[in-house]
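Each chain, written out:
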Amino acid sequence: MDLEIYLDLISQPCRSVYIFAKTNNIPFELKKVCLFEGEQYGEAFAKINMVRKAPAIKDGDFCLSESIAILTYMAEKFQTPDHWYPADLKKRARVNEYLSWQHMNVRMHGCKVFWLRLMIPKLMGVEVSKENMDMALEDLNQSLNIIEEKFIQDKPFIAGEHISMADLVAIAEIMQPVGSGLDVFEGRPKLSAWQERVQAEIGPELFDEAHQGILGSQEVVRTMDSSKLEKFKLKPLYM
Amino acid sequence: MALEIYLDLFSQPCRSVYIFAKKNNISFEFNKVSLFEGEQYGERFGNINQVRKVPAIKDGDFCLSESTAIMKYMAEKFQTPDHWYPADLKKRARVNEYLSWQHMNVRMHGAKMFWLKLMIPKMGVEVPKEKMDGALEDLNNSLNLIEEKFLQDKPFIAGEQISLADLVAIVEVMQPVGAGLDVFKGRPKLRTWQERVRTEIGPELFDEAHERILGAEEMAKTMDDSMLQAFKPKILRFFM
């Protein structure tokens, strides 16, 4: 029985799991959970993940959520090349450090910018105050600064010479605000060069395939039925 | 050269690292970084962690931040008992699942409750009822998930034995307690899990690690307001 992966490529952590599985030739059955249609709230998906979040996997009877847990599970189970999650103590610590830091930093801020720039005004017709937008952009910029100055520094990749899960998780998050039309690489040659390296390592075809959905967001929003989003409680997290 | 650990027991992730190191008899040099005095912004600490967050460690030339990365590093380096971070694929996945989920859930909501209930009013800012109710609801949702998804009918998150997941969970759950909120009220499952965890860690160590946070209300009464004013814009921006 194949590994089942439940995902929607509009979601950043879904992209990193998808890319990892594909690039490592891990056989899996892709189960699409259409987030904007609210499929994560359906009964079928509740059995996979009661928290109603994608990505999630089902490996026989074993269900697992959280992209980082899924990535490390797959790396171990399928014995993927060492560089993805190095056995070396210090290199692995660097990867773990990034994977932990990113939740409340680039992930949170990149997500917020995506919603404030695109989803909230264009789809929900709610005006976002300049103050809120400026603060969100400032927070995102600080996260990007830290990625450049602390995590990448003068190395080709976060863990050193080779690409790892850290770069995969990072790139997926950084591309999210890009989907709202924000050029995060402008004025950031280091980040831009790193992104190109990561894309080359993953393979441009796979990278583009994984990011097609998010990069087409602006178009999708134009034709989307906004009533579908009513079920999403957009709490003070974003406004 | 001993491992240097930089921390302030006011902070949840500092407590988990401290407890883990002490419980496993890992020898280390305790370097206090007093958060309310702004010591994390000093030059010295900037060399340890430019992100200016605790906990952080310095092991020879190697500096590392982020409590979960630190504990995994220590578990491997010092070969701590397997149950802390099980080698078994699925048990380890369960621990990792919790460690990942908790950042934007119980950690965020517990921290928010602590600031909204205790520290922000201390800064002279009134917290609207709507914000407080919203924060409490979020925290309750997180606690529900801890009980229903992560614990279920097991003694600990990973199963029969305590792991890093329980350690990281307990320190976050204790943070709003420091603001005077009884998170265990009406939650017998959570309460018995807390008692089990405290017993496994050792009551003396648990209480020692939590002395500072559980004294927060007292500390807030006598605290110099001007110290908090420096943090005000940042805190309000994040939590309000």
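Residues numbered from 1 in each chain as written. Chains lettered and ligands numbered in written order. Predicted model: local features only at pLDDT ≥ 70, side-chain atom pairs only at ≥ 80, totals over all residues. Heavy atoms only, no water.

## Quick look at the pairing of strand β4 (residues 62-65) of chain B
Residue and element names in this part refer to chain B.
1) Next: Judged by which residues are buried, β4 turns out to be covered on both faces: Phe-62 and Leu-64 on one side and Cys-63 and Ser-65 on the other are all buried.
2) Next: Sheet topology note: the strand β3 (residues 56-59)/β4 ladder contains four bridges and is antiparallel. In the strand pairing of β4, Ile-57 is matched with Leu-64. (Buried < 20%, exposed > 50% of the residue type's maximum accessible area, 1.4 Å probe, protein only. Helix = DSSP H or I, 4+ residues; strand = E, 2+ residues; numbered from the N terminus. Pairing = 2+ DSSP bridges.)

## Side note on helix α5 (residues 106-122) of chain B
All names here are of chain B.
1) Next: A rise of 1.5 Å per residue sets the reference length of α5, with its 17 residues, at 24 Å; its end C-alpha atoms lie 23 Å apart and thus fit the reference within 8%.
2) Next: Approximately 45° is the largest bend angle found in α5, and it occurs at Leu-116.
3) Next: Counting buried residues in α5 gives 13 out of 17 residues, a clear majority hidden from the surface.
4) Next: Within two residues after α5, Gly-124 carries a phi angle of roughly 85°, on the positive side. (Expected span 1.5 Å × (residues − 1). Bend = angle between axes of the 7 residues up to and from the residue.)

## A look at the pattern of salt bridges
1) Next: One pass over the full model with this rule turns up 22 salt bridges over all chains.
2) Next: Asp-207 of chain B is the partner of Arg-198 of chain B in a salt bridge, and the nearest nitrogen-oxygen pair spans 2.8 Å.
3) Next: When its relative accessible area of 28% is taken as the criterion, Arg-198 of chain B is described as partly exposed.
4) Next: The salt bridge partner of Lys-221 of chain B is Glu-218 of chain B, with a shortest N-O separation of 3.0 Å. One end of the pair, Lys-221 of chain B, and the other, Glu-218 of chain B, are both in helix α10 (residues 216-222), three residues apart, so they sit about a helical turn from each other.
5) Next: Salt bridges sharing partners connect three or more residues here, namely Arg-94, Glu-97 and Lys-150 of chain A. (Salt bridge = Lys/Arg side-chain N within 4 Å of Asp/Glu carboxyl O.)

## Examining the nonpolar core
1) Next: Residues Met-74 and Tyr-98 of chain A together with Met-74 and Tyr-98 of chain B are the most contacted members of the largest nonpolar core, which totals 173 residues.
2) Next: The residues touching Tyr-98 of chain B, leaving out its near neighbours within four places in the chain, are Val-106, Ile-146, Phe-150, Ile-157, Ala-165, Val-168 and Ala-169 of chain B. (Core = buried A, V, L, I, M, F, W, Y, C linked by side-chain atoms within 4.5 Å. Contact = heavy atoms within 4.5 Å.)

## Some details on the interface of chain B and chain A
1) Next: Taken together, the 35 residues of chain B in the interface contact 37 residues of chain A.
2) Next: Here chain B meets chain A over a buried area of about 3200 Å², counting both sides, of which 63% is carbon and sulfur.
3) Next: Summed over the three residues of chain B that lose the most area to chain A, namely Leu-89, Met-104 and Arg-237 of chain B, the buried surface amounts to 18% of that side.
4) Next: On inspection of chain B and its partner chain A, the count reaches two salt bridges. (Buried area = accessible area lost by both parts, 1.4 Å probe.)

## Section: unusual backbone geometry
1) Next: The omega torsion of the bond from Ala-54 of chain A to Pro-55 of chain A falls at 5°, within 30 degrees of zero and hence cis.
2) Next: One non-glycine residue with positive phi stands out, namely Gln-79 of chain A, at about 50°.
3) Next: In this structure, Gln-79 of chain A sits in the loop between α3 (67-77) and α4 (89-101).
4) Next: You will see that Asn-25 of chain B, though not glycine, has its phi angle at about 50°, which is positive.
5) Next: Among the secondary structure elements, Asn-25 of chain B is positioned in the loop between α1 (12-23) and β2 (28-32).
6) Next: On the accessibility criterion, Asn-25 of chain B (71% relative accessible area) is exposed.

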